[in-house]
Amino acid sequence: RDVLSFGIPGLEINGLELAEVWYDRILEVERFAIQSPSIELVNFPEVDQRQVDSLAQSDWYDLVDNIFEEVLIREFQVLGGNFRLDAQGQASAFEASDLRIYIEDFQLNDSARARRDNPFYAAELQVALNISDYSFELPDSSYAVQIRKLGISAADSAIFADSVFL
């Protein structure tokens, strides 16, 4: 059984036009910010790689297409917070603190669906988190990798890791 716990101490939404959402099915938000969320997934089943490979960008569009004609979020931020994934069959849980996500100009509509140059339908995507000494065993079972900080920047086409040990 999968258990999800999610707590949000602070939520800020600026520039939301409710009439546009209700009548035109257009969700447009200037700024959406989540302060210090606490997210925990427990007993998350092992992921079938075929399911991950089949999760194409069009699947995201189909998910919201029945509700909205268009979704525009100028700025989305997650500031601080914690994330924990306790997966079945894993020796240790994946825990992260100081979670930071920044997404700029997220746009989901017919024209965005056709474009493939913006990861996650956004002009900018940055993810950074501190990992509390997460380690995992390599497939040969002879070595383990330990990581303390991890980040992704779509605009820079970069993944960065700090304090990586073999």
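1. Regarding the overall build of the protein
If you tally the helices and strands in the protein, you get 4 helices and 10 strands. Listing the helices and strands of the protein from first to last along the sequence gives β-β-α-β-β-α-α-β-β-β-α-β-β-β. Within the protein, buried positions represent 26% of all 166 residues. Counted over contacts in the protein with a minimum sequence separation of 6, partners at least 24 positions apart contribute 57%. Accessible surface computed for the protein: about 10,800 Å², of which carbon and sulfur atoms make up 52%.

2. Some points on the environment of Ser153
Turning to its location among the elements, Ser153 is positioned in strand β9 (residues 144–153). Placed 26 residues apart in sequence, Ser153 and Val127 show a C-alpha to C-alpha distance of 6.6 Å. Excluding residues within four positions of it along the chain, Ser153 makes contact with Glu124, Leu125, Gln126 and Ala158.

3. Concerning the pattern of salt bridges
Counted by the stated rule, this structure contains 7 salt bridges. In this structure, the salt-bridge partner of Glu75 is Arg31, at a minimum N-O distance of 3.3 Å. With Glu75 in strand β5 (residues 70–79) and Arg31 in strand β3 (residues 26–35), the pair connects residues that are 44 residues apart, well separated along the chain. By relative accessible area, Glu75 is classed as partly exposed at 22%. Its salt-bridge partner being Glu40, residue Arg84 comes within 3.4 Å of it at the nearest N-O pair. Here Arg84, found in strand β6 (residues 82–87), pairs with Glu40, found in strand β4 (residues 38–44); they are 44 residues apart in sequence, far enough to count as distant. Through salt bridges with shared partners, a single network forms among Glu12, Arg31 and Glu75.

4. Some thoughts on the confidence of the model for the protein
Within the protein, residue pLDDT values average 77, and 76% of them lie at 70 or more. By mean pLDDT, the top-scoring element of the protein is β5 (92), and the lowest-scoring one is helix α2 (residues 49–54) (50).

5. Structural notes on unusual backbone geometry
Notably, Ser36 is not glycine yet its phi reads approximately 50 degrees, a positive angle. Among the structural elements, Ser36 can be located in the loop between β3 and β4. Non-glycine residue Asp98 carries a positive phi angle of around 50 degrees.

6. A word on the side chain of Glu124
Within the secondary structure, Glu124 sits in strand β8 (residues 122–137). A polar contact of 2.6 Å, which involves the side chain of Glu124, links it to the side chain of Gln126.

7. A look at the pairing of β9
Pairing of β9 with strand β10 (residues 158–162), which is carried by 5 bridges, proceeds in the antiparallel orientation. By the bridge assignment, Lys149 is partnered in β10 with Asp162. Taking the residues between adjacent antiparallel strands as the criterion, β9 and β10 are bridged by 4 residues, where Ser157 takes a positive phi near 50 degrees.

8. Section: the nonpolar core
Of all hydrophobic cores here, the largest spans 22 residues; its most connected members are Val71, Ile73, Phe76, Ile103, Phe106 and Leu129. Within the residue set of this core, elements represented by two or more residues are β3, β5, β7 (94–108), β8 and β9. With 6 residues, β7 is the largest single contributor of residues to this core. Other than its neighbours up to four places away in sequence, Val71 contacts Leu27, Phe106, Gln107 and Leu108.

9. Considering the environment of Ile39
Residue placement: Ile39 occurs in strand β4. Measuring from C-alpha to C-alpha, the distance between Ile39 and Ala96 comes to 9.8 Å, with 57 residues separating the pair along the chain.

Cut-offs and rules
All residue numbers refer to positions counted from 1 along the written sequence of the respective chain. Only residues with pLDDT of 70 or above have their local features reported here, since the model is predicted, and side-chain atom pairs are shown and tallied only from 80 upward, although totals for entire chains, interfaces and linings are computed over all residues. To get the side-chain values, take all heavy atoms of the structure and skip hydrogens and water. Helix and strand definitions here come from DSSP, where helices need a minimum of 4 consecutive H or I residues and strands a minimum of 2 consecutive E residues; each element is numbered from the N-terminal end. A simple rule labels every residue: compare its accessible area, found with a 1.4 Å probe on the protein chains alone, to the largest value its type can have, and call it buried under 20%, exposed over 50%, or partly exposed in between. Contacts between residues were defined by any pair of non-hydrogen atoms, one from each residue, lying within 4.5 Å. Areas reported here follow the Shrake-Rupley algorithm with a probe of radius 1.4 Å; residue values treat only the protein chains shown as occluding. One side-chain nitrogen of Lys or Arg within 4 Å of one carboxyl oxygen of Asp or Glu is enough to make a salt bridge. A score between 0 and 100, pLDDT records how confident the predictor is in each residue. For this analysis, a polar contact is any N or O atom pair within 3.5 Å, provided that within protein one partner can donate a hydrogen and the other can accept it, and provided that sequence-adjacent residues contribute only side-chain to side-chain pairs. The pairing criterion for strands is at least two bridges between them, as found by DSSP. Buried Ala, Val, Leu, Ile, Met, Phe, Trp, Tyr and Cys residues form a nonpolar core when they are joined through side-chain atoms within 4.5 Å.

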